Amino acid sequence: MGDVLKKVPVREQEPKVRATNFEEVCYGYNKEEAMEEATRCIHCKNAKCIEGCPVSINIPEFIAGVKEGDFKKAYEVISESSALPAVCGRVCPQETQCEGRCIRGIKGEPVSIGKLERFTADWARENGITPAAPASTNGHKIAVIGAGPSGLTCAGDLARLGYEVTIFEALHKAGGVLSYGIPEFRLPKSKVVDKEIENVKGLGVKIETNVVIGKSITIDQLMDEEGYEAVFIGSGAGLPMFMNIPGESALGVFSANEYLTRNNLMKAYLDEYDTPIHHGKKVAVIGGGNVAMDAARTALRLGAEVHIVYRRSEAELPARAEEVHHAKEEGIIFDLLCNPTEILVDEETGWVKGMRCIRMELGEPDASGRRRPVEIPGSEFELDVDTVIMSLGTSPNPLISSTTIGLDVNRKKCIIANEENGQTSKAGVYAGGDAVTGAATVILAMGAGKAAAKGIDEFIKSKNA
Amino acid sequence: MYKILFADKLAANIYRMVVEAPRVAAHCQPGQFIIAKTDEEGERIPLTICDYDREKGTITIVFQPVGASTTEMAKLTTGDAFEDFVGPLGNPSDLIDEPIEELKKKHIVFIAGGVGTAPVYPQVKWLHEHGVEADVIIGAKNKDLVILEDEFKQVCNLYITTDDGSYQRKGMVTVCLQDLIEKEGKKYDHCVAIGPMIMMKFVCKMTKEYNIPTIVSMNPVMVDGTGMCGACRLIVGDEVKFACVDGPEFDGHKVDFDQAMQRSRMYKSEESRALLKEQEGDTHHGGCGNCGGDK
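1. Structural notes on the overall build of chain A
- Scanning chain A from N- to C-terminus turns up 19 helices and 16 strands.
- In terms of overall size, chain A behaves like a compact globule, its C-alpha atoms giving a radius of gyration of 23 Å where 465 residues would be expected to give roughly 23 Å.
- When the backbone C-alpha atoms are referred to their principal axes, chain A occupies close to 70 × 60 × 50 Å.
- Counting over 465 residues, chain A shows a buried share of 60%.

Here's what the structure looks like:
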């Protein structure tokens, strides 16, 4: 037995090796490791970890299953609350959620809840165990827009309650950010994402791809012409932001969305796929979030020297600590307290030939509570790069809000929805995830999808009461 | 799957397909585009809609193979299917929002170049169906590359010009436009130009001199077509626009064509690599110094 104050360490691919491939970084626990880690849970009566989980998984109970070696039971406990456990075990920010509340964490390291969840879900998949489908349907049709984390969760929960659910997905593949955004080395596609989507379909959910709501058909038409009694909007926050600095339209400047979509959804890193991706030699990724880390680590794997350029200091990096740690291990260079002012363009070719930056220092805290970065006069310098990837965040796509009568949005074009049940300004229409909050996390979107499923169920019941 | 109900070849290297896509056909309008993907490995290819039939639920597309995926597309035939076909995307042409009486008063000229002739068709057809007759100039390299002549004849006053003079008029579309205005007494107060970027650039240069408002349809590099990737960004006036959600049609006098042409070459080396692999298959193992196949 190891030190009870510490997590059972998880095996990972060697940084030097993984920097050149797209295989998953983390191997996860095996049976023995998982069972040992599970013994660290003290099964608090008033379990804080459950409060920290946006979808309220009964964590002590599933961990008890793992401890006893009853992995099937553990999986069933998780499945009551989450449709995507193998995904969440990999990408949730556990350190600020379940594990952040763990009593073990006061004196030592918290229980490795995320890795245990991942183990349980992986074990179930490898052993062909899937969530049980509902016995019959109740005949009520619900439309879900977007097959990302919030939509899949909402659809799964509604299907379990007996609803006939169809998800409409704009892209050719379901998964949303799980498919186009998060790279293979962090979240394997055919092994993990596709299988969890199959599980949601196994509950009776239909997924119709290649339907752009607002273009192919509107929400009003879905309700008036196709007989959907309620609609959940989980369309995500899809529009990339740029900096509006000179040179941004040069060849070799990409949004992280484009770069990652080419690589992850279109699989440009694989030879047999047609979609091209630009192989830069020296790449600057602007931004410090999880998406920036994903873009940087992707560029690294495609053979580039990669710099993360971020205007605040390391403490303010919005990315998960684990992602920053992994990025550093792999050799990503962090240019912190540094902000681009201009992208230098080769006039003849139109390609990026460098980037002018300015050094920053932290001043007084701003509205976000973080110390505001301030330019240091005269500190400009040039960074030698041939590719720039903008990872500054995204905003919601107005396609749906602008084509749906009576759907209110706020100043930032986010759909206004009640946090408790997802209800929007339009009767029968619910919303959640990034389309409501702006860019956030997979698990928060799932929590919103869950709340909306409950809201929709109550709405249908009250309508038919 | 989206079944190909009919496929034929309009010219040496120009293909036409009628595809079953009821959701697209139900709501599409002239000026909008679709994205097609042949199979799992294929690229998402944006194509402006060339015709549609709401009752039959079909969309007609016309394309010219330029890269690996469009070369693969050209191999498809009647009875085959696209794995993915999504739309309608982008905004309808502004013309269809104008009151018909206003349109009838206008003298409209459409200028179509090469494979860009196809997306002009639904607009002209729509106008014709609403009682508005427009002039259309089709430009092609030579006689064999003139497409859709019979279809156009039914719906407009057609002028054809070929670069080598092998059919009807001789010279570029700009020469034809100039002749129509200067020598044949035509007056235009609205122009729509769709074709190769270089053609649209020179048409716009000329119509600016004549002070004729001109709309162009842009077809830049694109991935998702819904505003998500930003690959299709263009400079229009002093603003950055996304062709997929802000366009594809823009005020041609404001588009920065030089920049757009540069951006359209962004993936040239990567694309030629994919095309080479497509053409040479397993026999290609690098050595050309270009494809990275020997890495």
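Next comes the rest of the write-up.
2. Here we look at the packing of helix H2 (residues 31-38) of chain A against helix H4 (residues 59-68) of chain A
Residues and elements named next belong to chain A.
- Between H2 and H4, the shortest axis-to-axis distance is 8 Å and the interhelical angle comes to 125°. Put simply, H2 runs oblique to H4. Like other packed secondary-structure pairs, H2 and H4 cross with a definite hand, here left-handed. Every residue of H4 that contacts H2 at Ala34, Met35 and Ala38 is listed here: Ile63, Val66, Lys67 and Glu68.
- Looking at the contact of H2 with H4 residue by residue, the classes come out as five nonpolar, no polar and two charged.

3. Overview of the sheet that holds strand E12 (residues 169-170) of chain B
Residues and elements named next belong to chain B.
- A sheet is described by the order of its strands in space; here seven strands give the open sequence E12-E11-E10-E9-E13-E14-E17, paired in mixed fashion. Of all strands in the sheet, those bounded by a partner on one side alone are E12 and strand E17 (249-251).
- Bridging between strand E11 (residues 157-162) and E12 involves two bridges; their strand directions are parallel. When the bridges of E12 are listed, Thr162 appears paired with Lys170.
- Of the strands in this sheet, strand E9 (108-113), strand E10 (135-140), E11 and E12 touch helix H6 (residues 173-182), which is tilted by about 150° from E10.

4. A few points about the packing of aromatic side chains
Residue and element names in this part refer to chain A.
- Taken as a whole, this structure holds 13 aromatic pairs over all chains when the rule is applied.
- Between Phe71 and Phe119, the ring centres sit 4.9 Å apart and the planes meet at 80°, which makes this aromatic pair edge-to-face. Remark: Phe119 occurs in helix H9 (residues 113-126) and Phe71 occurs in helix H5 (residues 71-81); sequence separation between them is 48 residues. For the pair shown, Phe71 and Phe119 are each scored as buried.
- Of the aromatic side chains, those joined through ring pairs into one cluster are Phe22, Phe185 and Tyr269.
- Positioned above the aromatic ring of Phe185, the side-chain terminus of Arg301 is 3.8 Å from the ring centre.
- When the ring centre of Phe381 is taken as reference, the NZ or CZ atom of Arg359 above it lies at 4.0 Å.

5. Observations concerning the interface of chain A and chain B
- Taken residue by residue, the interface counts 48 residues in chain A and 44 residues in chain B.
- Interface area lost by chain A to chain B is led by Lys215, Ser249 and Asp274 of chain A, which between them contribute 19%.
- Viewed at the interface, chain B and chain A are joined by two salt bridges.
- A salt bridge links Glu208 of chain A to Arg23 of chain B, with the shortest nitrogen-to-oxygen separation between them at 2.7 Å.
- Counting the contacts that link chain A with chain B gives 21 residue pairs in polar contact (both at pLDDT 80 or more).
- Among the secondary structure elements, those contributing two or more residues to the side of chain A that touches chain B are strand E5 (239-240), strand E6 (253-255) and helix H14 (256-265) of chain A.

6. Considering the pattern of salt bridges
- Within this structure, the stated rule accounts for 54 salt bridges over all chains.
- Two residues, Arg40 of chain A and Glu37 of chain A, come together in a salt bridge whose shortest N-O distance is 2.8 Å. For the pair Arg40 of chain A and Glu37 of chain A, a shared accessibility class is recorded, and that class is buried.
- Linking Glu102 of chain B and Lys105 of chain B is a salt bridge whose minimum nitrogen-to-oxygen distance equals 3.3 Å.

7. Observations concerning the environment of Gly131 of chain B
- Inspection of the secondary structure assignment puts Gly131 of chain B in the loop between helix H4 (117-129) and E10.
- Each C-alpha atom, one on Gly131 of chain B and one on Arg16 of chain B, is 27 Å from the other, the two residues being 115 residues apart in sequence.

8. Thoughts on the side chain of Ser82 of chain A
Residue and element names in this part refer to chain A.
- Position of Ser82 among the secondary structure elements: in the loop between H5 and helix H6 (85-91).
- Its relative accessible area of 3% is what places Ser82 among the buried residues.
- There is a polar contact of 3.2 Å between the side chain of Ser82 and the backbone nitrogen of Leu84.
- Residues in contact with Ser82, not counting those within four places in the same chain, are Val55, Ile57, Cys88 and Met446.

9. Some details on unusual backbone geometry
- Cis geometry marks the peptide bond from Gly87 of chain B to Pro88 of chain B; its omega dihedral reads -5°.
- Inspection of the secondary structure assignment puts Pro88 of chain B in strand E8 (residues 84-89).
- For the peptide bond that leads from Gly247 of chain B to Pro248 of chain B, omega is 10°, which places it in the cis range.
- Mapped onto the elements, Pro248 of chain B comes out in the loop between helix H8 (243-246) and E17.
- Look at Asn210 of chain A: it is not a glycine, yet its phi comes out positive at around 60°.

10. Some thoughts on the environment of Ile235 of chain B
- Along the polypeptide, Ile235 of chain B turns up in strand E15 (residues 233-236).
- In this structure, the C-alpha to C-alpha distance between Ile235 of chain B and Phe257 of chain B, residues 22 residues apart in sequence, is 8.4 Å.
- Once residues lying within four places of it in the same chain are set aside, the contact partners of Ile235 of chain B are Ser249 of chain A together with Lys254, Val255, Asp256 and Gln259 of chain B.

What counts as what
Residues numbered from 1 in each chain as written. Chains lettered and ligands numbered in written order. Predicted model: local features only at pLDDT ≥ 70, side-chain atom pairs only at ≥ 80, totals over all residues. Heavy atoms only, no water. Helix = DSSP H or I, 4+ residues; strand = E, 2+ residues; numbered from the N terminus. Rg over C-alpha atoms; globule rule 2.2 N^0.38 Å. Buried < 20%, exposed > 50% of the residue type's maximum accessible area, 1.4 Å probe, protein only. Axes fitted to C-alpha atoms, helices over the stretch in contact; angles between N-to-C directions. Parallel < 35°, antiparallel > 145°, perpendicular 65-115°, else oblique. Left-handed = near helix turned anticlockwise from the far one by under 90°. Contact = heavy atoms within 4.5 Å. Nonpolar A, V, L, I, M, F, W, Y, C, P; charged D, E, K, R; others polar. Pairing = 2+ DSSP bridges. Phe/Tyr/Trp six-rings, centres within 6.5 Å; stacked < 30°, edge-to-face > 60°. Lys NZ or Arg CZ within 6 Å of the ring centre and 35° of its normal. Buried area = accessible area lost by both parts, 1.4 Å probe. Salt bridge = Lys/Arg side-chain N within 4 Å of Asp/Glu carboxyl O. Polar contact = N/O pair within 3.5 Å; in protein donor to acceptor, adjacent residues only side chain to side chain.

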